[in-house]
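The residues making up each chain are set out below.
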Amino acid sequence: MKETLDFFAKNLIDWYLDNKRDLPWRSTKDPYFIWLSEIILQQTRVAQGTPYYLAFTSAFGDVKSLAAAPQQKVLKLWQGLGYYSRARNLHIAAKYVANELDGRFPSTYKGLLQLKGVGDYTASAVGSICFDLPTAVVDGNVYRVLSRLFGIATPINTTQGIKDFKSLAQQLLDTSQPGTYNQALMEFGARFCVPQNPNCAQCIFKYKCDAYKNKQVANLPVKLKKVKVKKRYFNYIVILSENGNTVLQQRTEKGIWQQLYEFPLVETTHLVAQDALCKEIQFDHISTLYDLDTLTLFRENAVVHKLSHQHLYTRFWIAQTKSKLPKGIPVDDIDQYAVPVLISNFISEFEGFK
DNA sequence: AACTCGGGGTG
DNA sequence: CACCCAGAGTT
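First, a word on what this report is: a plain description of the structure on this page. (Residues numbered from 1 in each chain as written. Chains lettered and ligands numbered in written order. Predicted model: local features only at pLDDT ≥ 70, side-chain atom pairs only at ≥ 80, totals over all residues. Heavy atoms only, no water.)

**Some remarks on the protein's contact with DNA strand B**
Phase 1: Within the structure, DNA strand B sits among 25 residues, and Thr 159, Trp 257, His 305, Ser 308 and Gln 310 are positioned closest to it.
Phase 2: Of everything in DNA strand B that lies within 4 Å of the protein, sugar and phosphate atoms constitute 58%.
Phase 3: Within the contact set of DNA strand B, a base nitrogen lies 3.1 Å away from a backbone nitrogen or oxygen of Gln 43.
Phase 4: Between a sugar or linking oxygen of DNA strand B and a main-chain N or O atom of Tyr 83, the distance comes to 2.9 Å.
Phase 5: Split by residue class, the surface near DNA strand B holds nine nonpolar, 13 polar and three charged. (Near = heavy atom within 4 Å. Polar contact = N/O pair within 3.5 Å; in protein donor to acceptor, adjacent residues only side chain to side chain. Nonpolar A, V, L, I, M, F, W, Y, C, P; charged D, E, K, R; others polar.)

In structure tokens form, the structure reads like this:
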């Protein structure tokens, strides 16, 4: 068994050293930078996350700098990356490390787990890369590589699957260089043992891979099907006053986009025409707060903004008003607020803001 | 154990 | 269109 482990780890790491990408966070073992990169890369492709990593490291050179920033600055830098709880938890964890630990990250697995937004994967990654802790990472790449190599059909999104793959990954870990090994395994999954149409004929493990030998590569890993998406109907009221102000509101309730800004929103159960929307507004606090004169639809066809679990059928309505807006903000200032991509797309398309 | 949380890339 | 991405937190 030990020979098998050594064979796997040695060949994997040799492949890694020949094929690894030169990524910005691979030139340091500073836990601040490694932690930051790992949070950004949760459920996020390297290509998408890299510009954000560079922006954050440029804005905040250390954890105390990040901790001292206002939340809105953090959210604005995070804008467009999605899963915004990561940004909120990142900030909470930074303040904890800066204020309670004097800027020094925990150097144990259990200590790292205490940080908001740090779960088993991230604690294992930071621990192994920064502190040489013998903690195996299990991310989407690891599930795929190990399920194929060992022909394991246990669904990866079940309690049993999570337990089994973590256990296997831990057995396989090269404890003499856990950080390099962990990154090698993930890199191999990301660059070679890819989800669709992997180049198995050229794989260094083709004679060891259970899935390849049994023609099960396309069927692994197994994942239980997820719930269907819900449809929602959003009507954003883009208020324009004669003195060049508009209104943004912060989302404070649970659900999507917590703490981000948007135009006043009227959600309906179906796509509505203008007269129906006006009636909806009559019962909404918007009409009591603002004296709207005209309401015109920006575009007839609703924008369908697709999230993982929701499809947002969205229309923007332009409302002119002569009244001075309570809590109005200058139109020129809207780009200072952190907004969902759905809103930023509209802002860049709407000529009334230019 | 099931749900929720984004946005974008891929075939 | 379905699936996936260097997962974590809540219910």
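On we go.
**Here's the deal with the pattern of salt bridges**
Two side chains carrying opposite charge are able to pair once their charged atoms lie near each other.
Phase 1: Applying the stated rule across the entire model yields 13 salt bridges.
Phase 2: Close ionic contact of Asp 102 with Lys 64 constitutes a salt bridge, the shortest N to O distance being 3.1 Å. Within this pair, whereas Asp 102 is found in the loop between α6 (85–100) and α7 (109–113), its partner Lys 64 is found in helix α4 (residues 63–68), the two being separated by 38 residues in sequence.
Phase 3: For Asp 102, a relative accessible area of 42% translates into the label partly exposed.
Phase 4: Among the ionic pairs, Asp 293 bridges to Lys 322, the shortest N-O distance being 3.9 Å. You can see Asp 293 sitting in the loop between α14 (285–289) and β6 (294–297) and its partner Lys 322 sitting in the loop between β8 (310–321) and β9 (329–330), a full 29 residues away along the chain.
Phase 5: Residue class for Lys 322 comes out exposed when judged on its relative accessible area of 62%.
Phase 6: Members of the salt-bridge network, linked through shared partners, are Arg 21, Arg 26 and Glu 187. (Salt bridge = Lys/Arg side-chain N within 4 Å of Asp/Glu carboxyl O. Helix = DSSP H or I, 4+ residues; strand = E, 2+ residues; numbered from the N terminus. Buried < 20%, exposed > 50% of the residue type's maximum accessible area, 1.4 Å probe, protein only.)

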